[in-house]
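Chain and residue survey
This is what each chain is made of:
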Amino acid sequence: MSFCEHCEGQRFDRARVLRALRATHRRLRGQPEEGRRDAQIVVAAIEAVRALDIPHLEYVEDEVVH
């Protein structure tokens, strides 16, 4: 499956955000109790980003159609 340039860019940005959140999660897991609580918050953020719907945009006669 191929993606248009716009969708590919959104997928790339989403992947970068997920990598950053996962790295933060790994760092926080080894912390004392407060860090573990923060790690749970980061897990919630990861799940929220993963659940985002990335719409495909198409151009029809100079208009963007979602």
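Residues numbered from 1 in each chain as written. Predicted model: local features only at pLDDT ≥ 70, side-chain atom pairs only at ≥ 80, totals over all residues. Heavy atoms only, no water.

**Comments concerning the overall build of the chain**
Here is the rule: A run of H or I in DSSP counts as a helix once it spans at least four residues, and a run of E counts as a strand once it spans at least two, with each numbered from the N terminus. The contact criterion used throughout is that any non-hydrogen atoms of two residues lie within 4.5 Å. We get accessible surface area from the Shrake-Rupley algorithm with a probe of 1.4 Å; when it comes to residues, only the shown protein chains can shield them.
Each helix and strand counted, the chain has two helices and two strands in total. The helix and strand sequence of the chain, counted from the amino end, reads α-α-β-β. A separation of at least 24 residues holds for 51% of the contacts in the chain among residues at least 6 apart in sequence. In the form shown here, the chain has an accessible surface area of approximately 5,600 Å², with 50% of it arising from carbon and sulfur atoms.

**Comments concerning helix α2 (residues 33–51)**
The following threshold applies: The span one expects for a helix is its residue count, reduced by one, times 1.5 Å. Residue exposure (1.4 Å probe, protein chains only): buried if accessible area is under 20% of the type maximum, exposed if over 50%, otherwise partly exposed. As used here, the arc belongs to the directions running from the helix axis to the C-beta atoms.
A rise of 1.5 Å per residue sets the reference length of α2, with its 19 residues, at 27 Å; its end C-alpha atoms lie 28 Å apart and thus fit the reference within 8%. Of all the residues in α2, the buried ones are G35, A39, V42, I46 and V49. Mapping the buried residues of α2 onto a view down its axis gives an arc of 75°, with all of them on the same face. What points out from α2, more than 90 degrees from its buried face, is the exposed set E33, E34, Q40, I41, E47 and A51.

**Side note on the confidence of the model for the chain**
We apply this condition: Scored between 0 and 100, pLDDT is the confidence that the predictor attaches to each residue.
Scored by pLDDT, the chain has a mean of 79; 74% of the residues are at 70 or more. Of all helices and strands in the chain, the one with the weakest mean pLDDT is strand β2 (residues 63–65) (55), whereas α2 scores best (87).

**Description of the nonpolar core**
Threshold: Nonpolar cores were defined as sets of buried Ala, Val, Leu, Ile, Met, Phe, Trp, Tyr and Cys residues, with membership established by side-chain atoms within 4.5 Å.
Within the largest apolar cluster, seven residues are counted, these being L18, L21, L28, A39, V42, I46 and V49. Within the residue set of this core, elements represented by two or more residues are α1 (5–29) and α2. Those residues in contact with V49, other than ones at most four positions away along the chain, are R14, V17, L18 and L21.

**Let's talk about the side chain of H25**
In this fold, H25 is placed in helix α1. Sequence-distant contacts of H25, defined by excluding residues within four places in its chain, comprise A39, V42, V43 and I46.

**Section: the pattern of salt bridges**
Threshold: When a carboxyl oxygen of Asp or Glu is within 4 Å of a side-chain nitrogen of Lys or Arg, the pair counts as a salt bridge.
In this structure the tally under the stated criterion is one salt bridge. Of the charged contacts, one joins D38 and R37 as a salt bridge, the two residues approaching to 3.6 Å between their closest N and O atoms. On the basis of relative accessible area, R37 is assigned to the partly exposed category, the value being 47%.

**Structural notes on a positive patch on the surface**
Defined as follows: Every patch collects residues that have over 30% relative accessible area and no salt bridge, joining them within 9 Å if they carry like charges and within 5 Å if they are nonpolar side chains (Val, Leu, Ile, Met, Phe, Trp, Tyr). The positive count covers Lys and Arg only, the negative count covers Asp and Glu only, and His and the chain ends enter neither. Positions of charges follow a simple convention, taking NZ of Lys, CZ of Arg, CG of Asp or CD of Glu.
A cluster of basic residues, R16, R19, R22, R26, R29 and R50, forms a positive patch on the protein surface. The element contributing the most residues to the positive patch is α1, with five residues.

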